[in-house]
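# Geometric and topological summary
Here are the chains, one letter per residue:
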Amino acid sequence: MQINKQGDKKFVKFSIAFSNIPIHSKIFTEQSFVSEDFALKELVKECPLSADNILVFDRGLQARATFEEFNENNLTFVTRLNNYTGFETVKKFEIDENQTERLILEQDLEVKLYDKRNKKTQKFLRLIIAKEKEDGEVFYFLTNSKTLTAKDVAEIYRQRWEIEVFFKFIKQNLNFSHLLSRNINGVKVVMYMTLITAILLVVYKKLNELKGYKIAKLKFAQELEVLIIKDIVEKCGGDPNKVNTILNPE
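Residues numbered from 1 in each chain as written. Predicted model: local features only at pLDDT ≥ 70, side-chain atom pairs only at ≥ 80, totals over all residues. Heavy atoms only, no water.

## Some words on the overall build of the chain
Secondary structure summary: the chain contains seven helices and 10 strands in total. For the chain, the C-alpha radius of gyration of 23 Å lies well beyond 18 Å, the compact-globule estimate for 250 residues. Expressed along its principal axes, the backbone C-alpha trace of the chain runs to roughly 75 × 55 × 35 Å. Of all 250 residues assigned to the chain, the portion counted as buried reaches 37%. Counting contacts in the chain only where the partners sit at least 6 residues apart, residues at least 24 apart contribute 46% of the total. Accessible area of the chain: about 16200 Å², with a carbon and sulfur share of 50%. Taken as two groups, the 39 positive and 35 negative side-chain charges of the chain have centres that lie 5 Å from each other. (Helix = DSSP H or I, 4+ residues; strand = E, 2+ residues; numbered from the N terminus. Rg over C-alpha atoms; globule rule 2.2 N^0.38 Å. Buried < 20%, exposed > 50% of the residue type's maximum accessible area, 1.4 Å probe, protein only. Contact = heavy atoms within 4.5 Å. Areas by Shrake-Rupley, 256 points an atom, 1.4 Å probe, with all protein chains shown as cover. Lys, Arg positive; Asp, Glu negative; His and termini not counted. Charge placed at Lys NZ, Arg CZ, Asp CG, Glu CD.)

## What about helix α3 (residues 150-158)?
Since one α-helical turn is 3.6 residues long, residues separated by three or four positions face the same way. Regarding α3, the residues found buried are A150, V153, A154, I156 and Y157. The arc that holds every buried residue of α3, seen down its axis, measures 165°, which confines them to one face. In the core, the buried residues of α3 are packed alongside β5 (54-57), β6 (76-81), β8 (103-113), β9 (126-132), β10 (138-143) and α4 (161-172). (Arc of directions from axis to C-beta.)

## Considering a nonpolar patch on the surface
A contiguous nonpolar patch, built from L224, L227, I228 and I232 and spanning about 370 Å² of accessible area, is present on the exposed surface. By secondary structure assignment, the location of I232 is in helix α6 (residues 213-235). (Patch = residues over 30% accessible without salt bridge, like charges linked within 9 Å, V, L, I, M, F, W, Y side chains within 5 Å. Salt bridge = Lys/Arg side-chain N within 4 Å of Asp/Glu carboxyl O.)

## Comments concerning the packing of α4 against helix α5 (residues 184-207)
At a closest axis distance of 11 Å, the pairing of α4 and α5 adopts a crossing angle of 120°. As the angle between them shows, α4 and α5 are arranged oblique. Of the two elements, α4 crosses α5, and the hand of that crossing is right-handed. Within the contact between the two elements, α4 uses F166, F169 and I170 and α5 uses T194, L195, A198, L201 and V202. (Axes fitted to C-alpha atoms, helices over the stretch in contact; angles between N-to-C directions. Parallel < 35°, antiparallel > 145°, perpendicular 65-115°, else oblique. Left-handed = near helix turned anticlockwise from the far one by under 90°.)

## Remarks on the nonpolar core
Grouped together as the largest cluster of nonpolar side chains are 18 residues, with contacts concentrated most on F57, F67, F70 and F77. Among the secondary structure elements, those contributing two or more residues to this core are α1 (36-46), β5, α2 (64-72), β6, β8, β9 and β10. Here the element with the most residues in this core is β8; it accounts for three residues. Non-local contacts of F67, meaning those with residues more than four positions away in its chain, are made with F57, L61, Q62, F77, T79, L81, L113, L125 and L142. Core analysis: the second largest hydrophobic core is formed by 15 residues, V12, I27, F166 and V202 among them. (Core = buried A, V, L, I, M, F, W, Y, C linked by side-chain atoms within 4.5 Å.)

## What about the sheet that holds β9?
The strands making up a sheet are joined through hydrogen bonds of the backbone, oriented either antiparallel or parallel. Taken in spatial order, the six strands make up an open sheet running β5-β6-β10-β9-β8-β7, and their pairing is mixed. Looking at the sheet topology across the chains shown, the edges are occupied by β5 and β7 (87-93). Shown here is a sheet whose adjacent strand axes are inclined to one another by a mean of 30°, direction ignored. Pairing geometry for β6 and β10, over four bridges, is antiparallel. Across the sheet, residue V78 finds its bridge partner in β10, namely T143. Strands β5, β6, β8 and β10 of the sheet are contacted by α2, whose axis makes an angle of about 160° with β6. (Pairing = 2+ DSSP bridges.)

## Regarding the environment of N74
Tracing the backbone shows N74 in the loop between α2 and β6. As a C-alpha pair, N74 and S50 span 24 residues in sequence and 9.6 Å in three-dimensional space.

Keep in mind that these numbers describe shape and distance, not what the molecule does.
Put into structure tokens, the structure is as follows:
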């Protein structure tokens, strides 16, 4: 949310597509994009996708028409539905492996979903109903894949948590929780700079087999500082190789 000089509120929304690293981002300023049904759909349209990709998104996107559109465009997706969603069972499938580490997979169904006007979807949709082992919470997973197993669907959706970890990282460790500019171009510059830094850190983390983003950020900053010092020493006519001796004396 951004506030201008007159005190009027101006809507600003960030959406990011993530596949190990951010692959696409978009800023929305129109009030209609408050709804994820519009924002996420718009982002998906602009993403460089192939037939092998699987879209994974949360319950923010619930529009039945969007599910139908993804089917028409041959885009495979996995998402989660509210467990009070109305549906009609078309067919029941057998479940080969009926549990994951956390969930018991109870049903695998071909379904038709009802929208707010009680109109049913027409394209192929599968609903996997699962229950958490510890507290019995019920989960509805939806996909349009005919080949993924019920366990695959549940595990794929579980991987969506990676983007939540990434968002938390850029907000808490890269200070992306506050807007530094009051114009859209400035907001875009900050967003792209943050994402470029985040990508570098993700690559650094993977290459050095580090587990946490915080550790990667610290080590990356330390190595970068040494490289900068070496560059300054060299430009001043000194021997950059002696920097290591000074910083790491035996």
